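Now for the letters of each chain:
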Amino acid sequence: MRLPTSPRHVVPEGACDCHFHIFDRPSELVPNRSYSPDDATEASYAHLAQTLGLSRGVVVQPSVYGTDNRTTLGAFDGNPAYRRVVVIEPGTAEQALRGMTTQGVVGARINLLFSGGSTKEDVEAVGALAADQGWHLQFLLDVTQLDDLAEFVCKLPVPVVFDHMGHLPADGALTTPGFQTVLRLLDTGRVWVKLSGAYRLTKEHRTPYADVAPLARALIAANPERLVWGTDWPHPQIKTEVPDAGVLLDLLGDWAGDAASFQRILVQNPEQLYGFTPGSTAHDT
């Protein structure tokens, strides 16, 4: 596994990686999956976070585990500097959901992109369960594939987070109706976007993913107060060269253009979205 370099940008105290995965036991891989991951342990991630200067994080349930959230729930268990996003079935019992909330779960992920995930018909039911727990819905989808994207999002009873800048091919994406809809939705107060997974959008095989920069900068210009960032470590199922996470963090600094926006995306925005106490970090545990 590639070791990260230290970023050249000054990383502010309380910076949060809002999207990473742990691939380890005890969760079982689902048979109908789009990839089979290598192990990526809590200890390996902790080393990465220390190298990058990150003191908060959000563990996201990967599609290959389906609704077996045991690995995600167990990662950094008891550490208040970490939150979790899980995958649930529409009929999940309220008691189970309350238990997840006490374990730091703040959102439910809906996979409409890869095999092994949810269908669009599940969204309304899962959204109702998430609303009862005060969670958000996190979507893994290509925003160009839903003609009714704005209507689809605005009828949901919870805030919505789009993974990986909307997970659309970067080439020509800036003017597509789907991406323009995302830019407008950022002003509704209902939508957040993760500035992550640039290597999933690009035609380039290595950083700096120049074709993605216009998308990232357009999102920042539209509403820097509704954006968060994530490494997407350990970068599963990618066709490009495995990136250096320190370089990915520096790309965010370049896209942001100034220290205030860089800090907002890394610190204040995650505090608002994920419910971190301002000023608290992993060092306080």
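Just so it is clear, the structure is predicted and the values come from calculations on it, not from any experiment.

**Student:** Would you mind going over the side chain of Asp250 with me for this structure?
**Tutor:** Inspection of the secondary structure puts Asp250 in helix α9 (residues 245-256). Looking at Asp250, its side chain comes within polar contact range of the main-chain nitrogen of His9, at 3.0 Å. In this structure Asp250 touches Pro7, Arg8 and His9, once residues within four positions along its chain are discounted.

**Student:** Teacher, can you tell me more about the nonpolar core here?
**Tutor:** Generally speaking, soluble globular proteins have nonpolar side chains that are buried together. Grouped together as the largest cluster of nonpolar side chains are 81 residues, with contacts concentrated most on Tyr45, Leu137, Phe139, Phe162 and Leu219. Per-element accounting of this core gives the leading share, seven residues, to α9. If we ignore the near neighbours within four places in the chain, the residues touching Leu219 are Met165, Phe179, Val182, Leu183, Leu186, Val193, Leu195, Pro224 and Leu227. Core analysis: the next-biggest nonpolar cluster, separate from the first, contains 12 residues, Val58, Val106, Val161 and Tyr274 among them.

**Student:** Please explain unusual backbone geometry as it appears in this structure.
**Tutor:** Note: most residues except glycine have negative phi, and most peptide bonds are trans. Look at the link from Arg25 to Pro26: it is a cis peptide, with omega at 15°. As for its placement among the helices and strands, Pro26 is situated in the loop between β1 (16-20) and α1 (42-52). A positive phi is found at His164, a non-glycine position, where the angle reads about 50°. By the secondary structure assignment, His164 is in the loop between β6 (160-162) and α6 (177-185).

**Student:** Is there a simple way to think about the pairing of strand β2 (residues 56-60) in this case?
**Tutor:** Two faces, one strand: in a regular strand the side chains alternate between the faces of the sheet. Extensive coverage of β2 is indicated by the burial of five of its five residues. Neither face of β2 is left uncovered, since the one carrying Arg56, Val58 and Val60 and the one carrying Gly57 and Val59 both have all their residues buried. When β1 meets β2, the two strands line up parallel, connected through three bridges. Each residue of the ladder has a partner; that of Asp17, found in β2, is Gly57. In this fold, the crossover linking β1 to β2 by way of α1 has right-handed handedness. Direction of pairing for β2 relative to strand β3 (residues 82-86): parallel, over a ladder of four bridges. Paired with Val59 across the strands is Arg84, a residue of β3.

Reading guide: rules and limits
- Sequence order as written defines the numbering, with residues in each chain counted from 1.
- Confidence filtering applies because this is a predicted model: local features only for residues at pLDDT of at least 70, side-chain atom pairs given and counted only at 80 or more, and all residues used for totals across whole chains, interfaces and linings.
- Side-chain descriptors were evaluated using all non-hydrogen atoms of the structure, hydrogens and water having been removed beforehand.
- Only DSSP runs of H or I reaching four residues or more are called helices, and only runs of E reaching two or more are called strands; each is numbered from the N terminus.
- Between N or O atoms, a polar contact is any pair within 3.5 Å; within protein, one atom must be a potential hydrogen donor and the other a potential acceptor, and residues adjacent in sequence are included only when both atoms are from side chains.
- A contact between two residues is defined here by any heavy atoms of the two lying within 4.5 Å.
- Only buried residues count toward a nonpolar core, which is a set of Ala, Val, Leu, Ile, Met, Phe, Trp, Tyr and Cys residues joined through side-chain atoms within 4.5 Å.
- Partly exposed residues are those whose accessible area sits between 20% and 50% of the maximum for their type, while under 20% is buried and over 50% is exposed, using a 1.4 Å probe and protein chains only.
- One requirement defines pairing of two strands: DSSP has to find at least two bridges between them.
- Handedness of a crossover: with both strands directed away from the viewer, a clockwise path from the first strand across the helix to the second marks it as right-handed.

Bear in mind that shape data such as this cannot, by itself, settle questions of function.
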